[in-house]
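Architecture and fold: a report
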Protein chains: 2
Amino acid sequence: MKAKPVSKTRSAKKSPAAAARAAKSSRKAPTPAADRRTWAFGDGKADGKGDMKEILGGKGAGLAEMSRLGLPVPPGFTIATTVCKRFWDDGGKLPDDLWPEVEAQLARVEKALGRKFGSGPRPLLVSVRSGAASSMPGMMDTVLNVGLNDATRESLAAETGNRRFALDSHRRLIHMFARVVEEMNVREFDQALDTAKRNRGTTSDAGLTVEDLVDLVAIFREIFQARAGCPFPDDPREQLRRCVMAVFRSWNGDRAKKYRDIHKITGLLGTAVNVQAMVFGNMGDSSATGVCFTRDPETGANVFYGEFLPNAQGEDVVAGIRTPLPIAQLKKTMPKPYADLVRVKELLERHYGDVQDMEFTIQQGKLWMLQTRNGKRSPQAVLRTVVDMVDEKRITKEQAILRVDPAVIDILLHPTFDRGGSTHVLAKGLPASPGAASGRVVFDAETAEAWKKDGRKVILVRAETSPEDIGGMNAAQGILTSRGGRTSHAAVVARGMGRTCVVGCSAITIDEHAKEMFVAGSTVREGDWISIDGSTGEVMLGQVATTEAKLSKYFTRVMAMADEFRTAGVRANAETPLDARVAREFGAEGIGLCRTEHMFFDERRIVAVREMILAEDTAGRKAALAKLLPFQQKDFEEIFGAMDGLPVTVRLLDPPLHEFVPNTEKAQAEVAASLGVDADRVRRRVQQLHEMNPMMGHRGCRLGISYPEIYEMQVRAIALAVVALRKRRKDPRPEIMIPLVGHVNELRPLADMTRRVMDEVLGAAKVSVPYTVGTMIEVPRAALTADQIAAEAQFFSFGTNDLTQMTFGFSRDDVNSFLPDYLEQKVLPDDPFQSLDTEGVGQLITLAIERGRSVRKDLKVGICGEHGGDPRSVEFCCRAGMNYVSCSPYRVPVARLAAAQAAIRAAQRAHAAK
Amino acid sequence: MKAKPVSKTRSAKKSPAAAARAAKSSRKAPTPAADRRTWAFGDGKADGKGDMKEILGGKGAGLAEMSRLGLPVPPGFTIATTVCKRFWDDGGKLPDDLWPEVEAQLARVEKALGRKFGSGPRPLLVSVRSGAASSMPGMMDTVLNVGLNDATRESLAAETGNRRFALDSHRRLIHMFARVVEEMNVREFDQALDTAKRNRGTTSDAGLTVEDLVDLVAIFREIFQARAGCPFPDDPREQLRRCVMAVFRSWNGDRAKKYRDIHKITGLLGTAVNVQAMVFGNMGDSSATGVCFTRDPETGANVFYGEFLPNAQGEDVVAGIRTPLPIAQLKKTMPKPYADLVRVKELLERHYGDVQDMEFTIQQGKLWMLQTRNGKRSPQAVLRTVVDMVDEKRITKEQAILRVDPAVIDILLHPTFDRGGSTHVLAKGLPASPGAASGRVVFDAETAEAWKKDGRKVILVRAETSPEDIGGMNAAQGILTSRGGRTSHAAVVARGMGRTCVVGCSAITIDEHAKEMFVAGSTVREGDWISIDGSTGEVMLGQVATTEAKLSKYFTRVMAMADEFRTAGVRANAETPLDARVAREFGAEGIGLCRTEHMFFDERRIVAVREMILAEDTAGRKAALAKLLPFQQKDFEEIFGAMDGLPVTVRLLDPPLHEFVPNTEKAQAEVAASLGVDADRVRRRVQQLHEMNPMMGHRGCRLGISYPEIYEMQVRAIALAVVALRKRRKDPRPEIMIPLVGHVNELRPLADMTRRVMDEVLGAAKVSVPYTVGTMIEVPRAALTADQIAAEAQFFSFGTNDLTQMTFGFSRDDVNSFLPDYLEQKVLPDDPFQSLDTEGVGQLITLAIERGRSVRKDLKVGICGEHGGDPRSVEFCCRAGMNYVSCSPYRVPVARLAAAQAAIRAAQRAHAAK
């Protein structure tokens, strides 16, 4: 099996993405590498390599790479992801040609170790683990001790002189096989274990006697048979075969599919299966098993971080059943393997150039490496590690920037709790994923999902979490568990999702049935508010106020690095001086969308606004508008002042007028009284303004065409504000934007009016300030006729909210009546209002930019829809050639990073194309 | 002036359209032809030609062509339309270089006639008339007798020995000059004339004595000076100059602009001015003036048709002030000029190959031709004349088809009155424009327009109409005048507009002030209903029921000819068996859109529909749908039966569910009672279904995705109907259409379901019927991703109503809040819901067809929006390569003709491109 044809080597050199593409594009004619079903590793060599995740899965690739690095890896082999694909293509059966290869691989491992699988005095036991290209909770994880039956167990007992260990391994196999292969509810097994311990008067597994374990194995067999309807399989090959099939089946299990949905994982072939010779962490006190990180995954500090359990098997750590010890203690109890582990972690981090998350087992003093992968980190840790690694010259700045998921920046900008003296801390657990979350307590994932759908914020409280809880964890503001450590399922998953998480909070007792938890003498019931702090581990009663995120020096460093590469500008959507200041602090280089309508809602202004709306003629409207003019001027002075020296794109009035008048008869009567007009007139006008589909109604530039005096007042206010600021030696840079244009004839008269009024006011004041007049592109027709529109517009700003609405024909206000169905049935990959539909809406954007610049080379182009803060959409905008993106102030850093990544990728593409 | 440079000749050869394009595209560098300011005619030769309407205007081109044909045309010259453009470009002044040319032209005319303009014993008098490329009421029309003052009048009196004639001509000049040049209200002039006649005890102008006329001229001078503030200009050159300027000014007068708006006349340079030596129809009893058609413009019969007034000037005929005599009488009173006229009309019709509308004057027995142009005809006459002329081999079938404006077909399909015994005919006038119109009486154009806006039908009743009334005539269902003949302003304009019109109904007396009319002892007040029959001239009290149009054999012939050329199919939008039968009779070749929702509103079905909507789960919905299934099956059996052998495109349910449940609490309570459910549940469900923007809400295929059982029931009903019909040996041809698709993922599952259910039902019944599954393209995203969608769809049907809504972002329900402003300010050339926006929406259509056919060569493409019956839109659809258009049954003939014209033009373009 070791002879590798040349073509396989060639394929192996491809990047995983390229391999994926190749695998995808040639399903009928697989590449030779994809043809190979099993890949050996161990013994300082391997068939595969670390960059073959697509075929070997992450775990298999890591094992191959560690083998090649000469690290102590128990020998084994990986069944490729392509076999999983064939398994499903064939309707759920193993390919006929697989098993002979498996047998050959087993024979190689037997030979290497001088053991026999399923027989002989030195029986070979193996572990079976799933492993896709992306880490994916929800699939079958691990079955250990495969190969044990009464005969091999006794051989093992004899060989090791440790019958207790052999029995312990045996009962674990049955338990694990029942749980992960047969997907049984294992409560009866647990109860039997608990009963045995109670009977023996012990609280630890280690307190059980050999006799207890003999009984337990028998009891476990009985439970298994009762539930499965057939005996536990004693044939090692049948055990292995069923494990392999269970791994493949779990690939399309509900939980795995849900996980892929939530994490948008697509395009994978399937999962690999890793079959590896067992090493034993449960072979007495000189044995242990553990999980460790090359750096602290929560703070990012360059300190060795991890946990271990002496005399245990790996599942005990991950499942959070026993609370593990910090890795530092290993140094004291097992100095030699500890020193080996430190050498290994140094080597691996340097080799991969990234923080590693490793699993290891120490068997009677010897270290074995079972897994390595890039470590998931808290957002803070992500930033700190990339900055440190740049400083340590382990990675380049480009690598550092590309390594930071923009989502982590978003999380970092989340608020933290504002602690007054009155906060009642109920308990303290382990801080597992930072952030501050308040919500109503729920005790199961289904309720979490249901309540979230109803718009309620929830905190999911569980003894421990399991892959079934994924949906509920995603729906929750935060997760609180009473058991498990910082590498438990709850902690790992929550960090990945960016959910606040506190684990191992043993002070709380949960009654899932009664839907209550007891803590410090209080009872907290389903629906009660609690708050959890993922950075301190504190659990508080009630809702707790929050303060803004304090940003670390690492954040500042990362942002500065990003700005070194970024080519597109980043602006903010802001309409108050406060927003403008926040945006500026976050690095906004201007305002991309300053809405003017909020200014109309102020109490003192709304009267004049309504007077204007109720006016019978132009003269009446002008009189009312004259009252608004000084207010608007002041608004603009403030915002231009706050953004002194930076451009501010002011959008003229956009919403339909009926938004400014009340709907109820009572409120209408009040308006009538305040304006001194007849109530009937108000009512009639409101009726007249009513629209069937206001989104496509009398708004935007359509108001400007019907009532030019409104826009004229607004432009005059802008001009007067500019004059006032210039007199104060300020540097206002207005860009005036006409909304909802669909035809150049709409824009032309309004742009002409704008220039006329600006020039008139500036000219009269002898002030010269450059300003521009442009338009939003938010109606499909505007995109289609962008060449005509660009003749009149100096800039385009894509209003992708409306453009998405009209391109899809989806009303954003009503889309929730069917969008959940669409996402569930995968009609759409994403909510197009969150992540830009590059295929449809994106076509219009690309086309509009192209046509616009065909007539105006220096056309400035930006985006001001919600998508301006969505990293994937930002990437698209940059590729489409936009000059800037604009988003809410708190997303400015996200956009800066996303834009930098886009620029780096563009440079890489350009380099590759050379 | 007669030497023509080669370049002018070349330009003159261009088609008018080409000349227009040339003139348009080279404003800075006009063509040499456009450089020439004045164009001579008369004496059997002319500088210009008949195809130079763009430069010479229609009237000038006709005069030039008649001159070239050697017909008796009084000499004169045309000031080109390019001069009008320069007049307006220069801010309303005559170009400096114009007058020397005018003087040279005058000198030529003087020489030709041996007369002097403004002096001498044989004074030259001229007429000044406007004349744009398109006939355009509303511009200054004619000033006769220009050149008269006291001196020239007396010379004329001496020369003709007819002082009465000279004085009559003089008072006419002042009157006309006041009216058309100075735009004075001429009531005082008319009153003075009436007073003079009353004093003299006569009712006719001819009854006035020379002394009376001397007085009248003096009185007219006084009135003129009093109203104008300056004396009447006695300098002939000043008269001429002011006339020319008045013509140019009238080009941009409100009425002319309104006329161009209504008739969508754009792209013209301006109006020409025709200055022509006077000939006199008022020179005694051997003189006359008249208007005639080569064929009857109302029936189309090949009989000489016209009217004349002896001893009168042309304005008397056109203005309808005196009621003229039928042309046949001219044969008796003036046989020689009549014979000449008959020869001229024969020659002209043959020369132009079209019915001619001519103006002539007989001066002391000699015939002079003053104008010829293609005659406007009633819709019936249009059809009859083209059919006759094809039969007479005067024109080709292609020419015949292209000559019929599809709008006339539309008019012909209008209903006529259904006369029971009870109809009360009040009076009878002259039938001037066919049709049957009922409406409320209004007595002025403003009221007509205002009431029309409010949705009321009106009949405009006037003593006579004038260009000021254009807007009101357009707004009215029909026009009734008490004076004037069938060539009066009212008759000509009404025919052009396709408005029913009765003129010269002298039995009615109108009191405009009191807003009443008196007829046959009754008083009819503003707002009362009357009905007029434009084919009989009858005026009836009240609303009269109508019957469908009876279509003449000419209609049938024209349609048959059209079908010879037509390449695109024509289908109808129909959803009842009645509609389907009508459509079939009108030549529909299938149903392009069969909506299925109306079937849900039937009283017995709506209960089940509501039960379905209120169902709590899929099972409940399915139970309710099972009740609907037999109804839907019957619907489909009927419609497939009516369209036996022809394709029927069935659109699955489209509207949002809230359309089927009532809005008021009371009605909701009733629904609850009828379904035996809680009223609150109904109310809550209605609330839940409420949408902000239902147009972009939960409808179309979105329902199909959320509630697949609804579409499944509909498809099953289609399949069962097909089976039932096949058992009756019928030939059903269903095409199943999924609406509102924007993403191929929406279409795919629904198309799969459709095919599955169809095959299942047909298979079980062992019936084999070809059917297709396709989609509407009505969401911009569908057009943009048409290649993907065509992979699943066997046909596309463009739903241009929704596509227009979403491409513009205009809600059709709300567009009237701003569309009137848009049309008035020319932001948009047309209502895009009536005439397809080829520039924006059309782009999406073209692109979708191209992309769709790129993956499915035989993709069938049609249109089923309202635009399918709009001739200009049909032309676009044919050019875009659609297989068929579909429209309402009554527009099917219009679409057939428009499609034939499109095919002929396409063939002509293809021929020209060779």
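Residues numbered from 1 in each chain as written. Chains lettered and ligands numbered in written order. Predicted model: local features only at pLDDT ≥ 70, side-chain atom pairs only at ≥ 80, totals over all residues. Heavy atoms only, no water.

Here we come to the overall build of chain A. Scanning chain A from terminus to terminus reveals 37 helices and 34 strands. Relative to the 2.2 N^0.38 estimate, which gives 29 Å for 914 residues, the radius of gyration of chain A is 32 Å and therefore close to what a compact globule would have. For chain A, the spread of C-alpha atoms along the principal axes amounts to about 105 × 70 × 50 Å. Taken across its 914 residues, chain A has 59% of its residues classed as buried. Averaging the locations of the 127 positively and 115 negatively charged side chains of chain A gives two centres separated by 6 Å. (Helix = DSSP H or I, 4+ residues; strand = E, 2+ residues; numbered from the N terminus. Rg over C-alpha atoms; globule rule 2.2 N^0.38 Å. Buried < 20%, exposed > 50% of the residue type's maximum accessible area, 1.4 Å probe, protein only. Lys, Arg positive; Asp, Glu negative; His and termini not counted. Charge placed at Lys NZ, Arg CZ, Asp CG, Glu CD.)

Right, let's get into the sheet that holds strand β33 (residues 860–863) of chain B. Residue and element names in this part refer to chain B. The strand order around the closed barrel built from eight strands is β27-β28-β29-β30-β31-β32-β33-β34, with neighbouring strands paired in parallel fashion. Neighbour-to-neighbour, the strand axes of the sheet open up by a mean angle of 30°, direction not taken into account. Of the pairings in the sheet, the one linking strand β27 (residues 569–573) to strand β34 (residues 884–887) comprises four bridges and is parallel in character. In the sheet register, G569 faces β34, and the bridge partner there is Y884. Across the sheet, helix α38 (residues 892–913) lies against β27 and β34, angled at about 155° from β27, the strand it touches most. (Pairing = 2+ DSSP bridges. Axes fitted to C-alpha atoms, helices over the stretch in contact; angles between N-to-C directions. Contact = heavy atoms within 4.5 Å.)

Moving on to helix α31 (residues 744–764) of chain B. Helix length check: α31 of chain B, at 21 residues, gives a terminal C-alpha distance of 30 Å against a target of 30 Å (1.5 Å per residue), a fit within 8%. For α31 of chain B, the set of buried residues is V744, N745, E746, L747, L750, A751, M753, T754, V757, M758, V761 and L762 of chain B. Lining the buried residues of α31 of chain B we find α34 (819–824) of chain A together with α29 (701–706), α30 (708–727), β30 (733–738), β31 (772–777) and α33 (786–790) of chain B. Where α31 of chain B ends, the next residue or the one after it, K766 of chain B, has phi of about 55°, a positive value. (Expected span 1.5 Å × (residues − 1).)

Our focus in this paragraph is the relation of the copies chain B and chain A. The two copies are related by a screw operation: chain B maps onto chain A through 180° of rotation and 0.3 Å of translation along the axis, at an RMSD of 0.2 Å. These values place the two chain copies in the arrangement generated by a two-fold rotation axis. Among all residues of chain B, the minimum C-alpha distance to the rotation axis is found for N693 of chain B, at 2.1 Å. Comparing interface residues between copies, 100% of those in chain B also sit at the interface in chain A, which points to an isologous, same-surface contact. (Least-squares fit on C-alpha atoms with pLDDT ≥ 70 in both.)

Next up on the list: the packing of helix α23 (residues 577–585) of chain A against helix α25 (residues 618–642) of chain A. Residue and element names in this part refer to chain A. One way to put it is that α23 packs onto α25 with a least axis distance of 9 Å and a crossing angle of 10°. Overall, the two elements α23 and α25 adopt an arrangement that is roughly parallel. Contacts from P577, A580 and R584 in α23 reach E638, I639 and A642 in α25. Looking at the contact of α23 with α25, its residues break down into four nonpolar, no polar and two charged. (Parallel < 35°, antiparallel > 145°, perpendicular 65-115°, else oblique. Nonpolar A, V, L, I, M, F, W, Y, C, P; charged D, E, K, R; others polar.)

All names here are of chain A. Pairing in this open sheet of three strands is antiparallel, and the strands run β21-β22-β23 from one edge to the other. In this open sheet, the two strands that pair with only one neighbour each are β21 (509–511) and β23 (522–525). Each strand axis lies, on average, 25° off the axis of its neighbour in the sheet, ignoring direction. As judged from the four bridges shared by strand β22 (residues 516–519) and β23, these two strands associate in the antiparallel manner. What sits directly across from V519, in β23, is S522.

Before going further, it helps to spend a moment on the nonpolar core. In terms of nonpolar packing, the biggest core is built from 284 residues, with I409, F640 and F798 of chain A together with I409, F640 and F798 of chain B touching the most fellow members. Ranked by size, the runner-up nonpolar core spans 83 residues in total, among them M136, L216, F232 and V493 of chain B. (Core = buried A, V, L, I, M, F, W, Y, C linked by side-chain atoms within 4.5 Å.)

What follows deals with the interface of chain B and chain A. When the parts of a complex come together, some accessible area is lost, and that lost area is often taken as the interface size. Counting residues at the interface gives 45 residues for chain B and 45 residues for chain A. In total, chain B and chain A occlude about 4,100 Å² of area from one another, counting both sides; carbon and sulfur atoms represent 53% of this. When residues of chain B are sorted by the area they lose upon contact with chain A, N693, M696 and R781 of chain B head the list and together hold 16% of the total. Across the salt bridge formed by R781 of chain A and D837 of chain B, the nearest N and O atoms sit 2.7 Å from each other. At the boundary of chain B and chain A, one finds 35 residue pairs in polar contact (both at pLDDT 80 or more). Going through the elements one at a time, α29, α31, α32 (780–784), α34 (800–808), α35 (819–824) and α36 (841–855) of chain B are the ones with two or more residues in the side of chain B that touches chain A. Here the side of chain B that touches chain A is composed, by residue class, of 17 nonpolar, 17 polar and eleven charged. (Buried area = accessible area lost by both parts, 1.4 Å probe. Salt bridge = Lys/Arg side-chain N within 4 Å of Asp/Glu carboxyl O. Polar contact = N/O pair within 3.5 Å; in protein donor to acceptor, adjacent residues only side chain to side chain.)

Residue and element names in this part refer to chain A. Under the criterion given, the structure shown has 140 salt bridges over all chains. For R716, the salt bridge is made with E760, and the minimal N-O distance between the two is 3.4 Å. Of the two residues, R716 sits in helix α29 (residues 708–727) while E760 sits in helix α30 (residues 744–764), which places them 44 residues apart along the sequence. Look at R716 and you get partly exposed, because its relative accessible area is 21%. The salt bridge involving D731 is made with R733; its shortest N-O contact spans 3.0 Å. The class for D731 is partly exposed, based on a relative accessible area of 28%. The structure contains a network of salt bridges with shared partners spanning D150, R153, E154, R163, R221 and D234.

Attention now goes to the side chain of S797 of chain B. Relative to the helices and strands, S797 of chain B is located in strand β32 (residues 795–798). Once you skip the residues sitting within four places of it in the chain, S797 of chain B turns out to touch G592, M737, T775, M776, I777, G862, I863, C864 and Y884 of chain B.

One pass over the full model with this rule turns up 32 aromatic pairs over all chains. When the ring of F796 of chain A is compared with that of F798 of chain A, the centres are 6.5 Å apart and the planes differ by 85°; the resulting orientation is edge-to-face. Each of the two residues, F796 of chain A as well as F798 of chain A, counts as buried. Among the aromatic side chains, those forming a connected cluster through ring pairs are F808, F810, F818 and Y822 of chain A. Seen from the ring of W451 of chain A, R456 of chain A lies directly overhead, with NZ or CZ sitting 4.2 Å from the centre. Above the ring of W368 of chain B, the side-chain terminus of K366 of chain B is found at 4.4 Å from the ring centroid. (Phe/Tyr/Trp six-rings, centres within 6.5 Å; stacked < 30°, edge-to-face > 60°. Lys NZ or Arg CZ within 6 Å of the ring centre and 35° of its normal.)

On to unusual backbone geometry. Phi at E183 of chain A takes a positive value of approximately 55°, unusual for a residue other than glycine. Along the polypeptide, E183 of chain A turns up in the loop between α8 (163–181) and α9 (187–200).

The subject of this paragraph is the pairing of strand β13 (residues 366–374) of chain B. Residues and elements named next belong to chain B. The pairing of strand β12 (residues 356–363) with β13 spans eight bridges and is antiparallel. When the sheet's bridge partners are listed, F360 is paired in β13 with M369. Between β12 and β13, which pair antiparallel and follow one another directly, the connecting turn spans two residues, one of which, Q364, has a positive phi of 45°.

With that settled, consider the packing of helix α16 (residues 379–391) of chain A against helix α22 (residues 553–565) of chain A. Residue and element names in this part refer to chain A. One way to put it is that α16 packs onto α22 with a least axis distance of 9 Å and a crossing angle of 65°. With respect to the hand of their crossing, α16 and α22 are arranged in left-handed fashion. Residues L383, R384, V386, V387, D388, V390 and D391 of α16 form the contact with α22, whose participating residues are Y554, F555, R557, V558 and M561. Taken together, the residues that form the contact of α16 with α22 break down as eight nonpolar, no polar and four charged. (Left-handed = near helix turned anticlockwise from the far one by under 90°.)

Quick look at the pairing of β30 of chain B now. All names here are of chain B. The element β30 is extensively covered by neighbouring structure, given that five of its six residues are classed as buried. The pairing of strand β29 (residues 647–651) with β30 spans five bridges and is classified as parallel. Looking across to β30, one finds that V650 is bridged to I736. Between the parallel elements β30 and β31, the chain passes through α31 in a crossover that is right-handed. (Right-handed = clockwise from strand over helix to strand, strands pointing away.)

It is worth spelling out the side chain of D635 of chain B at this point. The residue D635 of chain B is located in helix α26 (residues 618–642) in this model. Leave out the neighbours within four places in its chain, and D635 of chain B touches M599 and R605 of chain B.

Time to look at helix α5 (residues 81–89) of chain A. Taken together, the buried positions of α5 of chain A are T81, T82, V83, C84, K85 and F87 of chain A. Once α5 of chain A finishes, G91 of chain A follows within two positions and takes phi at roughly 80°, a positive value.

Turning our eyes to something else, we now look at the confidence of the model for chain A. Residues and elements named next belong to chain A. Per-residue confidence for chain A gives a mean pLDDT of 89; residues scoring 70 or more make up 93%. This model gives residues 1–32 a pLDDT under 50, and the stretch forms 33 contacts once residues within four places in sequence are excluded. Predicted complex, confidence summary: ipTM 0.77, pTM 0.78. (pLDDT = per-residue confidence, 0-100.)

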